[in-house]
Amino acid sequence: MDLVPELPTDWVPLPHPATCLPPACRPATTTPFSNSHNTLKLHFPAEFSDLRGHNHMAKVLTPELGFALDDTIQTGVDNPGHPYIMTVGCTAGDEESYDVFKELLDHIIEDQHGGYQPSYEHKTNLNPDNLQGGDDLDPNYVLSSRVRTVAAPAASASPPTAAAGTPSSLGGHLAGQYCAVKSVTEAEQQQLIDYHFLFDKPVSPLLLALGMACDWPEARGIWINEEDHLQVISMQKRGNMKEVFTRFYNGLTQIETLFKSKNYEVMWNPHLGYILTCPSNLSTGLRSGVHIKLPHLDKHEKFPEVLKWLRLQKQGTSGVDTAAVGGIFYVFNANRLGFSEVELVQMVVDGVKLLIKMEQWLEQGQATDDLVPAQK
Ligand code: ADP
Ligand code: MG
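Fair warning: this is a prediction, and the values are worked out from it, not measured in the lab. (Residues numbered from 1 in each chain as written. Chains lettered and ligands numbered in written order. Predicted model: local features only at pLDDT ≥ 70, side-chain atom pairs only at ≥ 80, totals over all residues. Heavy atoms only, no water.)

Trainee: Teacher, can you tell me more about the overall build of the protein here?
Mentor: Scanning the protein from terminus to terminus reveals 12 helices and nine strands. Looking at the protein as a whole, 44% of its 376 residues are labelled buried. Within the protein, contacts between residues at least 6 apart in sequence are counted, and of these 76% link residues at least 24 apart. With the model as given, the accessible surface of the protein reaches about 18,800 Å², and the carbon-plus-sulfur share is 55%. (Helix = DSSP H or I, 4+ residues; strand = E, 2+ residues; numbered from the N terminus. Buried < 20%, exposed > 50% of the residue type's maximum accessible area, 1.4 Å probe, protein only. Contact = heavy atoms within 4.5 Å. Areas by Shrake-Rupley, 256 points an atom, 1.4 Å probe, with all protein chains shown as cover.)

Shown next as structure tokens:
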């Protein structure tokens, strides 16, 4: 089973959708921080003609029915292409969406996650003792290391648009304060984003289309109610991924205990693991990655092939819409589903070591072709 996402051979990248639109139509300028796609909805009479007296569908399709198929596919309809990645093109509105729209979503999951079948069971292993090495990624190359996962409380809506319950009582060195977006100034907010402590404002057309800007900045904070209700992140400078993963595991365990003590459950099932807004995150929801300096590899034609072989992906350091600057990349595990958490972090640890070795060889003017296998 090949779990590395494949682009169709005839795939041609489209220009970024925001830049295809005439300036007056760009979501970020016309509807900053609002929910652009709701203007097209049939069942919100305040925003669209009330058709309930005209057809049965509009009578029956009330907001009480929950998330509709048009919500599910909205982001893929509004955003047919992306300059750097093959996007998923759909999102779930809640746990139930994965059942109600099974015929659509099962196929998308299978396509995106390299053949993951409806009968497969999610794999989990979070024990940091099972991670081999990872405490010694060379700090001359690795600027910072991070592991995150995402989770949502049972019976909640995705993406979250209101109501934040915040973890208030983590103990020991994990104790801290909740920082709400509304509690900081615009300049402080930007600084938190630049320091990678806070998610970006929901200005991208991909996010606007799935309703992520709805009620912004109500109930948003570090790291609450971005695309999913809760993002658990462990990160630190330099290359001790073992320490990062161990802290991640301890934090996640404490948060789960806290959830249980308050009688909350997390959206989870044995097939999909953590159930999340974006099908790309399903299962472990785990992204482990480094910010890493690889200026020579950056110029090497086989870099993308090597990453694919290692089941890794790269982006610029400021999110999916950014390119690398000065040979500094965000490199992370390409898969979320089909492997356990420890296996995914291990892929990053082993892969990053190999990338550093290749970078060093290139620095010394040595060829690295024999490090790239001819066939996967
Ligand atoms: P995710 O979806 O995993 O949260 P994003 O691409 O949305 O990832 O990034 C969220 C923020 O986390 C961004 O500011 C990004 O630069 C930052 N980030 C990701 N990995 C690292 C890392 N290894 N070190 C520092 N910041 C990081
Ligand atoms: Mg993100």
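Trainee: Explain the environment of G115 here, please?
Mentor: Positionally, G115 belongs in the loop between α6 (102-112) and β1 (142-151). In the structure, G115 is positioned 223 residues away from G338 in sequence and 9.6 Å away in space, judged by C-alpha atoms.

Trainee: Help me understand the packing of aromatic side chains, please; the structure alone is not making it clear to me.
Mentor: The way to describe two aromatic rings as a pair is by their centre distance and the angle between their planes. Taken as a whole and assessed by the stated rule, the structure comprises eight aromatic pairs. With a centroid separation of 5.3 Å and an interplanar angle of 90°, the aromatic rings of Y116 and Y120 are classed as edge-to-face. Counting every residue linked through ring pairs, the aromatic cluster contains F199, W216 and W223. (Phe/Tyr/Trp six-rings, centres within 6.5 Å; stacked < 30°, edge-to-face > 60°.)

Trainee: Before we go on, may I ask you to explain empty space enclosed by the protein in this structure?
Mentor: To find leftover empty space, one rolls a probe the size of a water molecule over the atoms. All told, the structure shown has two cavities of 30 Å³ or more when counted by the stated rule. Elements with a minimum of two residues in the lining of the largest cavity: β4 (230-237) and α9 (241-261). Tallying contributions element by element places α9 first for the lining of the largest cavity, with three residues. A class-by-class count of the residues in the lining of the largest cavity yields seven nonpolar, no polar and one charged. Volume-wise, the second largest cavity comes out at about 30 Å³. As for the second largest cavity, its lining consists of F199, D200, P202, M212, W216, R220, N225 and E226. Its residues assigned to classes, the lining of the second largest cavity comprises four nonpolar, one polar and three charged. (1 Å grid on protein atoms, 1.4 Å probe; cavity = no way out; pocket = protein on both sides within 12 Å on 5 of 7 lines; lining within 4 Å. Points joined across faces, edges and corners; volume = space filled by probe spheres on them. Nonpolar A, V, L, I, M, F, W, Y, C, P; charged D, E, K, R; others polar.)

Trainee: Would you mind showing me how to read the nonpolar core here?
Mentor: The nonpolar side chains of soluble globular proteins are, as a tendency, buried together. By size, the foremost hydrophobic cluster in this structure holds 47 residues, and its most contacted members are M241, I292 and L355. Of all the secondary structure elements, the ones that give two or more residues to this core are β1, β4, α9, β7 (287-293), α11 (303-309), β9 (328-333) and α12 (341-363). Not counting the four nearest positions on each side in its chain, I292 is found in contact with Y141, V142, G327, I328, F329, V331, V352 and I356. Of all hydrophobic cores here, the second largest spans 14 residues; its members include A92, Y116, A152 and L337. (Core = buried A, V, L, I, M, F, W, Y, C linked by side-chain atoms within 4.5 Å.)

Trainee: Please clarify how unusual backbone geometry should be interpreted in this entry.
Mentor: Leave glycine aside and you will find that most residues have negative phi; peptide bonds, for their part, are mostly trans. For the peptide bond that leads from S158 to P159, omega is -10°, which places it in the cis range. Here P159 lies in the loop between β1 and β2 (179-180). I222 connects to W223 through a cis peptide bond whose omega is -20°. By the secondary structure assignment, W223 is in the loop between β3 (221-222) and β4. Residues other than glycine seldom take positive phi values, yet A219 does so here, at roughly 60°. Position of A219 among the secondary structure elements: in the loop between α8 (205-209) and β3. Take A219: its relative accessible area is 19%, and that puts it in the buried class. Backbone geometry places N263, a non-glycine residue, at a positive phi of 60°. Tracing the backbone through its elements, the reader meets N263 in the loop between α9 and β5 (268-269).

Trainee: I keep staring at the sheet that holds β4 and nothing clicks. Help me out?
Mentor: Strand pairing in a sheet is mediated by backbone hydrogen bonds. Such pairs are either parallel or antiparallel. Across the sheet, five strands lie side by side as β4-β1-β7-β9-β8; this open sheet has antiparallel pairing. Either end of the sheet is taken by a strand with one partner, and the two such strands are β4 and β8 (312-315). Across the sheet, the mean angle separating the axes of adjacent strands is 20° when strand polarity is ignored. Note that β8 and β9 share four bridges and pair antiparallel. Looking at β9, one finds that L312 is bridged to N333. Lying over the sheet, α9 contacts β1, β4 and β7, oriented at roughly 155° with respect to β4. Contacts between α12 and the sheet are confined to β1, β7, β8 and β9, with β7 contributing the most and set at about 15° to the helix. (Pairing = 2+ DSSP bridges. Axes fitted to C-alpha atoms, helices over the stretch in contact; angles between N-to-C directions.)

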